[in-house]
Amino acid sequence: MRLADKVAIVTGGGSGMGRAIAVEFARQGAAVVVADINYDAASDTVAQLKAMSARALPVKVDVTKRAETQSLCEQTLEAFGRVDVLVNNAGARCLKSFLDHTEEDWHRMIDINLTGHFFCAQAVVPQMLKQGKGKIINLASIAGHVGRPDRVAYCAAKTGVLGLTRALAMDLRGKGICVTAISPGSIETPMNSAAATDANVDWGGETVVGRWGRPEEVAYAAVFLASDESDYITGSEIEVEGGWLIGRARDGEL
Ligand SMILES: NC(=O)c1ccc[n+]([C@@H]2O[C@H](COP(=O)([O-])OP(=O)(O)OC[C@H]3O[C@@H](n4cnc5c(N)ncnc54)[C@H](O)[C@@H]3O)[C@@H](O)[C@H]2O)c1
């Protein structure tokens, strides 16, 4: 098993990709702390992991609150004694035009999608430094690479996640801690439930592969970045987007 004896925290682990990552980590032998603002959802994921005979703990956390992220790390250490992997996955998306974004919308997008990653990293890095090794995996997005319509604050936050990933990797150089990002494309999760049933949205058609991605396809990349197999990868990202970023040309286009 590729994550045997490792202890991982997965934020936003109560839903979508976070849940899929928690399941794949457990399948690979990790103990998993499922951290989510929605405790019931985190508990449902943990029940799934325990049914696989994995060690798992649900923790209620709002990643936008620094004290709660510190407590998340403390609860992880109390339960499992170490922390090897942090997956900063918790996120949310505000879909509206630029001028309709309120001050609250802006701060909420930056706080959940970017500041939360920063706070959680600050909470776990002291322990990873003691251990001399660690992996921090930040969920970014194709929205961190290109301008996408009606999500200006979300795009700004996700672009920030890529900058945070590179800068944190530099700050932790030579310490055995790798910091990486995953940029998913259009993945079938509750975040996209409205778009998935909207006949006007053809995100699958915008990819090279020709379909939406599945949450577990992101989880497989996370397993690799969490494992010792990726010890020579830091400050960079894996795009799990079916070729979306290169593939938006249509047959017959000049
Ligand atoms: N679904 C996609 O197509 C897609 C594409 C690119 C990037 N992403 C990113 O991937 C990550 C996971 O997305 P998903 O589609 O699985 O989302 P999702 O909506 O299914 O799950 C997000 C989870 O984060 C939790 N959460 C929200 N705010 C929180 C907070 N303040 N503190 C703690 N937990 C909180 C929610 O309760 C939920 O369980 C997000 O960072 C998202 O921005 C998603």
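In this text the structure is predicted, and so the values were computed from the model without any measurement.

Draft legend 1. Quick peek at the site of the ligand. In the vicinity of the ligand lie 27 residues, with S15, D36, Y154, T189 and N192 positioned nearest. The contact in question runs from a nitrogen atom of the ligand to an N or O atom on the backbone of V63, over 3.0 Å. The separation between an oxygen atom of the ligand and a polar main-chain atom of N89 is 2.8 Å. Across the complex, the protein chains shield 91% of the 830 Å² of accessible surface that the ligand would expose by itself. More than half of the atoms belonging to the ligand lie within 2 Å of the grid points that define the largest pocket. At the level of secondary structure, the elements contributing two or more residues to the shell around the ligand comprise α1 (16-27) and α5 (152-171). For the shell around the ligand, the per-class residue count stands at 13 nonpolar, 11 polar and 3 charged.

Draft legend 2. Looking closely at the layout of surface pockets. The computed volume of the largest pocket comes to approximately 670 Å³. Forming the walls of the largest pocket are 39 residues, and the residues nearest its centre are N89, A90, G91, A92 and M191. For the lining of the largest pocket, a count of residues per class yields 18 nonpolar, 14 polar and 7 charged.

Draft legend 3. Quick peek at a nonpolar patch on the surface. Side chains of F98, L99, W106 and V152 sit close together on the surface and give an oily, nonpolar patch of about 460 Å² of accessible area. On the basis of relative accessibility, which here comes to 60%, the residue F98 falls in the exposed class.

Draft legend 4. Inspection of the nonpolar core at higher detail. Ranked by internal contacts, the top residues of the largest apolar core, which has 32 residues, are I21, F25, V32, L49, V87 and I182. Of all elements in the fold, only β1 (7-11), α1, β2 (31-36), α2 (39-51), β4 (85-88), β5 (134-139) and α7 (215-226) reach the threshold of two or more residues within this core. Filtering out sequence-adjacent residues up to four positions away, F25 remains in contact with L3, A8, V10, A30, V32, V85, V87, A222, V223 and A226. Core analysis: the next-biggest nonpolar cluster, separate from the first, contains 26 residues, I9, V59, F80 and A121 among them.

Draft legend 5. Expanded view of the sheet that holds β5. Across the sheet, 7 strands lie side by side as β3-β2-β1-β4-β5-β6-β7; this open sheet has parallel pairing. At either margin of the open sheet sits one strand with a lone partner, and together these are β3 (56-60) and β7 (237-240). When strand polarity is set aside, the average angle formed by the axes of neighbouring strands in this sheet is 15°. Sheet analysis places β1 next to β2, joined by 5 bridges and oriented parallel. Pairing of V7 across the sheet is with A31, part of β2. Lying over the sheet, α1 contacts β1, β2, β4, β5 and β6 (177-184), oriented at roughly 170° with respect to β1. Across the sheet, helix α4 (residues 103-131) is in contact with β1, β4, β5 and β6; its angle to β4 comes to roughly 175°.

The rules behind these values
- Residues numbered from 1 in each chain as written.
- Predicted model: local features only at pLDDT ≥ 70, side-chain atom pairs only at ≥ 80, totals over all residues.
- Heavy atoms only, no water.
- Near = heavy atom within 4 Å.
- Polar contact = N/O pair within 3.5 Å; in protein donor to acceptor, adjacent residues only side chain to side chain.
- Areas by Shrake-Rupley, 256 points an atom, 1.4 Å probe, with all protein chains shown as cover.
- 1 Å grid on protein atoms, 1.4 Å probe; cavity = no way out; pocket = protein on both sides within 12 Å on 5 of 7 lines; lining within 4 Å.
- Sits in = over half its atoms within 2 Å of the grid points.
- Helix = DSSP H or I, 4+ residues; strand = E, 2+ residues; numbered from the N terminus.
- Nonpolar A, V, L, I, M, F, W, Y, C, P; charged D, E, K, R; others polar.
- Points joined across faces, edges and corners; volume = space filled by probe spheres on them.
- Patch = residues over 30% accessible without salt bridge, like charges linked within 9 Å, V, L, I, M, F, W, Y side chains within 5 Å.
- Salt bridge = Lys/Arg side-chain N within 4 Å of Asp/Glu carboxyl O.
- Buried < 20%, exposed > 50% of the residue type's maximum accessible area, 1.4 Å probe, protein only.
- Core = buried A, V, L, I, M, F, W, Y, C linked by side-chain atoms within 4.5 Å.
- Contact = heavy atoms within 4.5 Å.
- Pairing = 2+ DSSP bridges.
- Axes fitted to C-alpha atoms, helices over the stretch in contact; angles between N-to-C directions.

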